[in-house]
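Here is what each chain is made of, one letter per residue.
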Amino acid sequence: MIAQLLAKSPTWASGDAAIWQGDSLSLLRLVPEASIDCIWTDPPYFLSNDGFTCVAGKMVPVNKGDWDKSRGIDLDHEFNRTWLAECYRVLKPAGTIWVSGTHHVYLSVGFAMMQLGFRILNDIVWEKPNPPPNLGTRTFTHSTEILLWATKAPKGSKHKYTFNYDEMRQEAGGKQMKTVWEFQAPREDEKVHGKHPTQKPVSLVARCLRASTNSGDVVLDPFMGSGTTGVAALGTGRRFAGFEKEEEYTRLAILRLKDRRAVGSLLPRGQSRLSQDVL
Ligand SMILES: C[S@@+](CC[C@H](N)C(=O)[O-])C[C@H]1O[C@@H](n2cnc3c(N)ncnc32)[C@H](O)[C@@H]1O
């Protein structure tokens, strides 16, 4: 039972999924060593520093919340190193981790990964076909995010990380899949229960999980926001554990994971592994 992963009762659990509301650093310390197959996460980007962006043709403040404010380069990097060190500890020897971010965070995340002994396998470029316009007109318009994919298994070790090469090749029309992936922003039907300011498309996370995990594997997201990783994990037949400190987003994630349509839409017909109480 995924709800028993931590020696602490979850805020919500149902069959193959459990959510704990709280600070991810404290919660990660409660996760047993080498118990997780895969981590997919989207940590704070530290970009809420009073700039402006464009949403639906309107100029709006870029601020997402206090959780996204920078405390300076050194402290931001220390934060990344601390949570990534816990991720290293809780991953199984052949486990992999995906971290998504913009240039505000991925350089620090990548450096921290190297400092901790992770082996970076790929840097995936997520290309957004319809990015918001750049209001400042002093740089190119931002239209990508980077996903770093790394493993704990050193090169040549007996521990082989999962890469479902054939499935990815099939998904790429019979050719080797490249590292530039085009995905639209989350669809409207992914926001029926409410919105998160940095919500990721389910299809993007689902591809990562299909590539790097197998049915029944345990996927953890220590900064789960609206629970996109959970929807993708359950929808592809994996198990999910998620942490989030804000009550509003925890509630949103629970609603999304309870939603049969959201979760079920990724699975081929008749292949639901979900327990009855999730459905
Ligand atoms: C970039 S968002 C993740 C969005 C998510 N991928 C989605 O699709 O909804 C990061 C989330 O981490 C949460 N967060 C920030 N610091 C945290 C901490 N120390 N512990 C737990 N959650 C935290 C924020 O509240 C925010 O919801």
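Residues numbered from 1 in each chain as written. Predicted model: local features only at pLDDT ≥ 70, side-chain atom pairs only at ≥ 80, totals over all residues.

**Student:** I'd love a proper account of the site of the ligand, names of residues and values included.
**Tutor:** Taken together, 19 residues surround the ligand, and among them S24, F223, G225, S226 and T228 come closest. Mapped by element, the contributors of at least two residues to the shell around the ligand are α1 (24-28) and β11 (239-244). When grouped by side-chain class, the residues that make up the shell around the ligand number 6 nonpolar, 7 polar and 6 charged. (Near = placed C-beta within 6 Å. Helix = DSSP H or I, 4+ residues; strand = E, 2+ residues; numbered from the N terminus. Nonpolar A, V, L, I, M, F, W, Y, C, P; charged D, E, K, R; others polar.)

**Student:** Just give me the short version of unusual backbone geometry, but keep the residues and values in it.
**Tutor:** Phi is positive for A34, which is not a glycine, with a value near 50 degrees. Positioned with a positive phi, T137 is a non-glycine residue whose angle comes to about 50 degrees. With respect to the helices and strands, T137 occurs in the loop between β7 (119-127) and β8 (144-151).

**Student:** Which residues make up the environment of D221, and what values do they have?
**Tutor:** Here D221 lies in strand β10 (residues 218-221). Apart from the residues lying within four places of it in its own chain, the contact partners of D221 are W40, T41, T229, G230 and G242. (Contact = placed C-beta atoms within 7 Å.)

**Student:** I'd love a proper account of the confidence of the model for the protein chain, names of residues and values included.
**Tutor:** Model confidence for the protein chain is summarised by a mean pLDDT of 91, while 91% of its residues fall at 70 or above. Note that pLDDT drops below 50 for residues 269-279; the model gives that stretch 26 contacts with residues more than four away or on any other chain. (pLDDT = per-residue confidence, 0-100.)

**Student:** Which residues make up the pairing of strand β3 (residues 36-41), and what are the values?
**Tutor:** Counting buried positions along β3 gives 6 out of 6 residues, so the element sits mostly inside the fold. Across 5 bridges, β3 lies against strand β6 (residues 91-101) in parallel orientation. By the bridge assignment for β6, T41 is matched with V99. In terms of strand pairing, β3 meets β10 through 2 bridges, oriented parallel. Each bridged residue has a counterpart across the sheet, and for C38 the counterpart in β10 is V219. (Buried ≥ 20, exposed ≤ 12 C-beta atoms within 10 Å, placed from the backbone. Pairing = 2+ DSSP bridges.)

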